[in-house]
Amino acid sequence: MKKLAMITTILLCQTAPVLAQEQAAAMYQGQKDRLDSNSNGTVERAEYQAFMTTAFTSLDKNKDGSLQSAEVEKVLTTQQFALSDANRDGVVAQSEFMDRVMNDFTAADRSKDGSLQ
Ligand SMILES: [Ca+2]
Ligand SMILES: [Ca+2]
Ligand SMILES: [Ca+2]
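What counts as what
- Residues numbered from 1 in each chain as written.
- Chains lettered and ligands numbered in written order.
- Predicted model: local features only at pLDDT ≥ 70, side-chain atom pairs only at ≥ 80, totals over all residues.
- Heavy atoms only, no water.
- Helix = DSSP H or I, 4+ residues; strand = E, 2+ residues; numbered from the N terminus.
- Buried < 20%, exposed > 50% of the residue type's maximum accessible area, 1.4 Å probe, protein only.
- Contact = heavy atoms within 4.5 Å.
- Areas by Shrake-Rupley, 256 points an atom, 1.4 Å probe, with all protein chains shown as cover.
- Core = buried A, V, L, I, M, F, W, Y, C linked by side-chain atoms within 4.5 Å.
- Donors = N, O, S within 2.8 Å, 3.2 Å for Na, K, Ca; no water.
- Axes fitted to C-alpha atoms, helices over the stretch in contact; angles between N-to-C directions.
- Left-handed = near helix turned anticlockwise from the far one by under 90°.
- Nonpolar A, V, L, I, M, F, W, Y, C, P; charged D, E, K, R; others polar.
- Expected span 1.5 Å × (residues − 1).
- pLDDT = per-residue confidence, 0-100.
- Lys, Arg positive; Asp, Glu negative; His and termini not counted.
- Salt bridge = Lys/Arg side-chain N within 4 Å of Asp/Glu carboxyl O.

**Observations concerning the overall build of the chain**
Scanning the chain for helices and strands turns up five helices and four strands. Taking all 117 residues of the chain together, 41% fall into the buried category. Intrachain contacts of the chain at a sequence separation of at least 6 include 57% that bridge at least 24 residues. Total accessible area computed for the chain in this model is approximately 6,500 Å², and 54% of it derives from carbon and sulfur atoms.

Spelled out as structure tokens, the structure:
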């Protein structure tokens, strides 16, 4: 359940673009140890991507490669789900999910060096 809570935090960060940087920064401070899989003190883009890929897989309970609203009803509001569903086909495909979270990484990477300190 801890992991689910973290995913919620990450997803919630994406709903308010103006606040995303500060919220993400606070979140990374708390979760950095878990995201920093090679323990070098920074979260590289690849580490973040790997983590979010795992997160997607754990959310996709019926393993069809997309998130149905029922699969994420506990972590996303209807509005958040709609925002993630870029092509508006009613499901959040893995590519839509990853686009979303990687945009968040880019926003949080203030120094633009491809890693989060
Ligand atoms: Ca690292
Ligand atoms: Ca699914
Ligand atoms: Ca979609």
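On we go.
**Things to note about the nonpolar core**
Tyr-48, Met-52, Leu-67, Val-72, Phe-97 and Val-101 are the most contacted members of the largest nonpolar core, which has 21 residues in total. Counting only elements with at least two residues in this core, the list comes to α3 (45–59) and α5 (94–108).

**As for the coordination of the calcium ion (ligand 1)**
Only Asp-36 (OD), Asn-38 (OD1), Asn-40 (OD1), Thr-42 (O), Glu-44 (OE), Glu-47 (OE) and Glu-47 (OE) from the protein reach the calcium ion (ligand 1) as donors, at distances of 2.2 to 2.4 Å. In primary-sequence terms, the residues that donate to the calcium ion (ligand 1) follow D-x1-N-x1-N-x1-T-x1-E-x2-E.

**Quick notes on the coordination of the calcium ion (ligand 2)**
Four donors placed tetrahedrally around a metal ideally meet at 109.5 degrees, and six donors placed octahedrally ideally meet at 90 or 180 degrees. The protein atoms donating to the calcium ion (ligand 2) are Asp-60 (OD), Asn-62 (OD1), Asp-64 (OD), Ser-66 (O), Gln-68 (OE1), Glu-71 (OE) and Glu-71 (OE), with metal-donor distances spanning 2.2 to 2.5 Å. Site description for the calcium ion (ligand 2): donor spacing in sequence, D-x1-N-x1-D-x1-S-x1-Q-x2-E. As far as burial versus exposure is concerned, Asp-60 and Ser-66 are alike and both buried.

**Remarks on unusual backbone geometry**
Even without being a glycine, Lys-63 presents a positive backbone phi close to 50°. Inspection of the secondary structure assignment puts Lys-63 in the loop between α3 and β2 (66–67). Here Lys-112, not a glycine, exhibits a phi torsion of approximately 55°, which is positive. Along the chain, the position of Lys-112 falls in the loop between α5 and β4 (115–116). Owing to a relative accessible area of 57%, Lys-112 belongs among the exposed residues under this scheme.

**Considerations on the packing of α3 against α5**
Orientation of α3 relative to α5, taken along the N-to-C sense of each, is 145°, at an axis distance of 10 Å. Crossing hand, α3 versus α5: right-handed. Between α3 and α5, the residues in contact are Arg-45, Tyr-48, Gln-49, Met-52, Thr-53, Phe-56 and Leu-59 and Gln-94, Phe-97, Met-98, Val-101, Met-102, Asp-104, Phe-105 and Thr-106, respectively. Looking at the contact of α3 with α5, its residues break down into nine nonpolar, four polar and two charged.

**A look at α3**
Compared with an ideal rise of 1.5 Å per residue, which puts 15 residues at 21 Å, α3 spans 21 Å between its outermost C-alpha atoms and is within 8% of the ideal. Those residues of α3 that sit buried are Glu-47, Tyr-48, Phe-51, Met-52, Ala-55, Phe-56 and Leu-59.

**Here we look at the confidence of the model for the chain**
Looking at the chain as a whole, its pLDDT mean stands at 84, while 74% of the residues score no less than 70. Across residues 15–19, where pLDDT falls below 50, the model places two contacts with residues more than four positions away in sequence or in other chains.

**Things to note about the side chain of Asp-109**
When you line up the elements, Asp-109 lands in the loop between α5 and β4. Buried charged residue Asp-109 carries no salt bridge. Nearest counter-charge: Arg-45, at 5.8 Å.

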